[in-house]
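# Descriptive analysis of the structure
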Amino acid sequence: MSEVYLSHNTIVSNYGFDSLAAVTNIMQEQSSLQLIEDPSILSKPVCTSRVNTEQLQEAVALLDPREPYTRLEQLLIVSLAKTIQASGLSLNERVGLLISTTKGNIDVLDAKSPFPKERAYLHTLGEKVKTFFGFHHEAMVLSNACVSGVLAIAVAKRFIHQGKYDHVFVVAGDLVTKFILSGFNAFQALSDAPCKPYDKNRVGINIGEVGTSVLVTKDSHALAKESVVLLGEASCNDANHISGPSRTGEGLFRSIGSAMKQAGVSAVDIDCISAHGTATVFNDEMESIAFNRAHLQDAPINSLKGYIGHTLGASGLVETIVGMHSLHQNTLFCSKGFEALGVSQPLNVIHKTTQKPLNTFLKTASGFGGCNTAAIFKKVTSQ
Amino acid sequence: MTASYHIESHCRITEGRISKDGKSLFESAETEFSAFIKSAYKALEINYSKFFKMDSLSKLALVAAEMLLLDEHEKNMALVFSNKAGSLDTDRKHQHSIQDPDGYYPSPAVFVYTLPNICMGEISIRHGLFSENSFFICNRFRADDLFDYTNSLLGMQKAEKVLCGWIDFDLGKYDAFLYVVAKNGTFIHSKESINHLYQTQ
Amino acid sequence: MTDLKLELKEKIIEQLNLEDVSVAEIGDKDPLFGEGLGLDSIDALELIVMLDKDYGIKLADPKEGKQIFESVETMAAYITSKKTE
């Protein structure tokens, strides 16, 4: 089967409005998390990372919008506009659109929202983005909890292999809302300090917000310089509990094994891991067990949650894009917030940003509903 | 040349009726979903106490899957579901619990169901399926996407069988159509036969 | 105290949707988690919300829950001690 690449990409975040802004800051170990007090989203201070509203509105205005867009639509449109432009592709019948989100325009359910409640239907979000850019096909929307972002890459590849598309633009986003914060707070999981994945003094989750997009394509021409090939991917359920991670890391372990088999690589071929690392005790522990079962305990590993928080349905995609840049820059990015190992199994957590020749990385994610996804990417060298 | 697959069995739950492979298994005059699905659960002798903790979407999905997986021995089965309303019914419940500052008591047991893929997690737990789960949202039943994605999973040997279809619950209305795709079966796995079964069952 | 225990049993059955359990089946000292009623981590979080909503008691540290929610008896004793504080 022909190879499928991840190419042009855009991260709209608290760091700025392109991938470079995020990657440059991450390379310098700068977190974008901030303690904010905003009673409209949570009655107590919360540590989060949100896109600057004024700058976002300015960026949307430059795109000449013909109708009012919700905050999430703005994030997706601004991100995707840059990725489409960089790709130079015309949006014909060979080009697909895939949206990854857990909650979409969930903020419109709030009584104070100026938008109609119907806007909360996720297919409406798809139609808004499709119409704005004039995509030929209807948007596909994937909503698969916190693995959505990385699973969406797999889905795009699979549709390309089935011959449905030659190129798929994947765009992902979720908002920091009262809806989400109240829920995670009821789960006693939120932290008011920057999160510390895998650390023994971990304090819980930070929720963050990005709008991020990537071109998934079978065309090896005109690739972005940081492009990667998707070698293998898999998604396996824990079949254990709808919110509690598996005590044996079963689903993640199986996902990694299946992705490696498809990629034709073994544990020693993995140069680094961009893991999920939400900084809850149960998640981090589950991952440490799964990585050890997969003999990946020596592979340098990070969680990027200490930079941008957990961006839910976008996390898998934004972290994959940062991983692409990590390979391109031959740099292992420090796992922000980590000091001393706080899981029962050994992990080689990256405690300092380091230059190192890199070719292949593993991205993993896990989420509610017992879902896990693993994907293995390799640097494109023939450019 | 792609290998051809078959639709092994299918189940439909809508408007007070549950049918499998075109045969009615349960009918009820109950107009309310909660009463309907509870009486179906009892009549079909499902006996799974976690059922009562689930939201409506998961109850609907669990009963539909139960009809197809009761005698199923293949555990390497992927789940590919789709719907229109996502988890909106439960989203509205959670929103209701946080709207008023004086009655602000978000429930973890409600919040956890504010993701459509939870119903696939419930089925995976119930039937011990450690396999691929994907949940797509579309404004209408889209046989072509389900067809392509299912073929992809089977072709890559990510699963031996795929349980796929449509599970929608919104504003009291419910519609479930699930079918099992495998190497052998009654109908050829094609967009036409998926659409035909959805429209006629 | 006896009334409170009965009330708690009713609330647990209703709020945690224990459809096939009756009040008579829950002994005062029966473990609520694990082997007993088989409650899980979401139920534990739900009990924290119940303490807040119905009894005005906020758990400062969710880890306290493990002891408080051991049985209906320990729950009732905790609520009673908080009310008389």
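Once that is clear, we can look at the overall build of chain A. Along the backbone of chain A there are 10 helices and 16 strands. Taking 21 Å as the expected radius of gyration for a compact globule of 383 residues, we find that chain A reaches 19 Å, a close match to that expectation. Principal axes of the C-alpha set define a box for chain A whose edges measure 55 × 50 × 40 Å. Here chain A holds 383 residues, and the buried ones make up 67% of them. Carbon and sulfur atoms provide 50% of the accessible area of chain A, an area that totals close to 12800 Å².

For the rest of this paragraph, the subject is the domain arrangement of chain A. Residues and elements named next belong to chain A. Once the domains are mapped, chain A shows domain 1 (5-217) and domain 2 (228-379). Taken together, the 56 residues of domain 1 in the interface contact 69 residues of domain 2. Taken over both partners, the interface formed by domain 1 and domain 2 buries close to 5000 Å², and the fraction arising from carbon and sulfur atoms is 68%. Linking domain 1 with domain 2 are four salt bridges. Here Lys-157 ties to Glu-233 by a salt bridge, and the two come within 2.8 Å at their closest N and O atoms. For the pair domain 1 and domain 2, the number of links is 26 residue pairs in polar contact (both at pLDDT 80 or more). When residues of the side of domain 1 that touches domain 2 are traced back to their parent elements, those giving at least two are strand E1 (5-12), helix H1 (19-27), helix H5 (148-161), strand E6 (167-174), helix H6 (178-186), strand E7 (207-208) and strand E8 (210-217). Residue contributions to the side of domain 1 that touches domain 2 peak at eight residues, all from H5. Its residues assigned to classes, the side of domain 1 that touches domain 2 comprises 27 nonpolar, 20 polar and nine charged.

Here we come to the interface of chain B and chain A. It is common to report an interface's size as the accessible area lost on association of the parts. Contacts between chain B and chain A engage 51 residues on the former and 53 residues on the latter. In terms of surface lost to chain A, no three residues of chain B exceed B:Phe111, B:Phe130 and B:Ile137, which account for 15% of the buried area on that side. Our count for the contact surface shared by chain B and chain A stands at seven salt bridges. Residue A:Lys164 is joined to B:Asp144 by a salt bridge in which the shortest nitrogen-to-oxygen separation is 3.6 Å. Here chain B and chain A share 27 residue pairs in polar contact (both at pLDDT 80 or more) between them. Classifying every residue of the side of chain B that touches chain A by side-chain character gives 24 nonpolar, 15 polar and 12 charged. As defined by bridge partners, strand E5 (residues 140-142) of chain A adjoins strand E5 (residues 133-137) of chain B across two bridges and the pair is classed as antiparallel. Residue pairing in the sheet places A:Leu142 in a bridge with B:Phe136 of E5(B).

Further remarks concern the pattern of salt bridges. Overall, the coordinates contain 39 salt bridges over all chains when judged by the stated rule. When the shortest N-O distance is used, the salt bridge between A:Glu226 and A:Lys225 registers 3.8 Å. The network of salt bridges with common partners includes A:Glu138, A:Lys164, B:Arg140, B:Arg142, B:Asp144, B:Asp145 and B:Asp148.

A separate point is H1(A). Residue and element names in this part refer to chain A. Along H1, the residues that are buried comprise Ser-19, Ala-21, Ala-22, Val-23 and Ile-26. Considering only its buried residues, H1 is in contact with E1, helix H9 (305-308) and helix H10 (315-328). Phi turns positive one or two residues past the end of H1, at Glu-29, with a value near 60 degrees.

Right, let's get into the environment of B:Ala176. For B:Ala176, the location among the structural elements is in strand E7 (residues 173-182). Sequence separation between B:Ala176 and B:Ala65 is 111 residues, and the spatial gap between their C-alpha atoms is 9.7 Å.

On to the confidence of the model for chain B. Here chain B averages 96 in pLDDT, and 99% of its residues register 70 or above. The complex model carries a pTM of 0.97, and its ipTM stands at 0.97.

Let us now look at the nonpolar core. Counting residues in each nonpolar core, the largest one holds 181 residues, and the members touching the most others are A:Phe133, B:Ile13, B:Phe81 and B:Leu163. Among the elements that make up this core, the one with the highest residue count is helix H2 (residues 56-69) of chain B (10 residues). Summarising the domain contributions, this core has at least three residues from each of domain 1 (5-217) and domain 2 (228-379) of chain A. Beyond its immediate stretch of four places on either side in the chain, B:Ile13 contacts B:Ile18, B:Phe36, B:Leu60, B:Val63, B:Ala64, B:Tyr174, B:Asp175 and B:Ala176. Counting 31 residues, the second-largest nonpolar core is a separate cluster that includes A:Val265, A:Ala294, A:Val349 and A:Ile376.

This paragraph deals with the pairing of strand E4 (residues 77-83) of chain B. Residue and element names in this part refer to chain B. Taking burial as the measure, the seven residues of E4 include seven buried ones, the bulk of the element. Sheet topology places E4 next to strand E6 (residues 161-170); six bridges connect them, and they run parallel. In the sheet register, Phe-81 faces E6, and the bridge partner there is Gly-165. Of the pairings in the sheet, the one linking E4 to E5 comprises five bridges and is parallel in character.

All names here are of chain B. Within helix H7 (residues 191-200), the full set of buried residues consists of Ser-193, Ile-194, Leu-197 and Tyr-198. Projected onto a plane normal to the axis of H7, the buried residues spread over an arc of 135 degrees and lie on a single side. When the buried face of H7 is taken as reference, the exposed residues oriented beyond 90 degrees from it are Glu-192 and Gln-199. Looking at the buried positions of H7, the neighbouring elements they touch are strand E1 (6-14), helix H6 (143-155), E6, E7 and strand E8 (187-188).

Residue and element names in this part refer to chain C. On the surface, a cluster of negative charge is made up of Asp-3, Glu-7, Glu-10 and Glu-14. Among the secondary structure elements, Glu-7 is positioned in helix H1 (residues 2-15). On the basis of relative accessible area, Glu-7 is assigned to the partly exposed category, the value being 34%.

Bringing the pairing of strand E3 (residues 23-27) of chain B into the picture now. Inspection of the sheet shows strand E2 (residues 17-20) of chain B paired to E3(B) by four bridges, in the antiparallel sense. The partner of B:Ser19 across the bridge, within E3(B), is B:Ser24.

Next up on the list: the interface of chain B and chain C. Between chain B and chain C, the contact holds 11 residues from the first and 12 residues from the second. Roughly 1000 Å² is buried in total at the junction of chain B and chain C, and carbon and sulfur atoms are behind 60% of that figure. Taken together, the links from chain B to chain C amount to two salt bridges. Put simply, B:Lys53 and C:Asp43 hold a salt bridge, and the shortest N to O gap is 2.6 Å.

Right, let's talk about the packing of helix H7 (residues 250-263) of chain A against helix H8 (residues 281-293) of chain A for a bit. A pair of packed helices is characterised by two quantities: the angle between their axes and the separation of those axes. All names here are of chain A. Taken N-terminus to C-terminus, the directions of H7 and H8 make an angle of 40 degrees; their axes are 8 Å apart at the nearest point. Regarding H7 and H8, the two cross each other, and that crossing is right-handed. Contacts between H7 and H8 involve Glu-250, Leu-252, Phe-253 and Ile-256 on the former and, on the latter, Met-286, Glu-287, Ala-290, Phe-291 and Arg-293.

Conventions used here
Residues numbered from 1 in each chain as written. Chains lettered and ligands numbered in written order. Predicted model: local features only at pLDDT ≥ 70, side-chain atom pairs only at ≥ 80, totals over all residues. Heavy atoms only, no water. Helix = DSSP H or I, 4+ residues; strand = E, 2+ residues; numbered from the N terminus. Rg over C-alpha atoms; globule rule 2.2 N^0.38 Å. Buried < 20%, exposed > 50% of the residue type's maximum accessible area, 1.4 Å probe, protein only. Areas by Shrake-Rupley, 256 points an atom, 1.4 Å probe, with all protein chains shown as cover. Domains from an automatic or database assignment. Contact = heavy atoms within 4.5 Å. Buried area = accessible area lost by both parts, 1.4 Å probe. Salt bridge = Lys/Arg side-chain N within 4 Å of Asp/Glu carboxyl O. Polar contact = N/O pair within 3.5 Å; in protein donor to acceptor, adjacent residues only side chain to side chain. Nonpolar A, V, L, I, M, F, W, Y, C, P; charged D, E, K, R; others polar. Pairing = 2+ DSSP bridges. pLDDT = per-residue confidence, 0-100. Core = buried A, V, L, I, M, F, W, Y, C linked by side-chain atoms within 4.5 Å. Arc of directions from axis to C-beta. Patch = residues over 30% accessible without salt bridge, like charges linked within 9 Å, V, L, I, M, F, W, Y side chains within 5 Å. Lys, Arg positive; Asp, Glu negative; His and termini not counted. Charge placed at Lys NZ, Arg CZ, Asp CG, Glu CD. Axes fitted to C-alpha atoms, helices over the stretch in contact; angles between N-to-C directions. Left-handed = near helix turned anticlockwise from the far one by under 90°.

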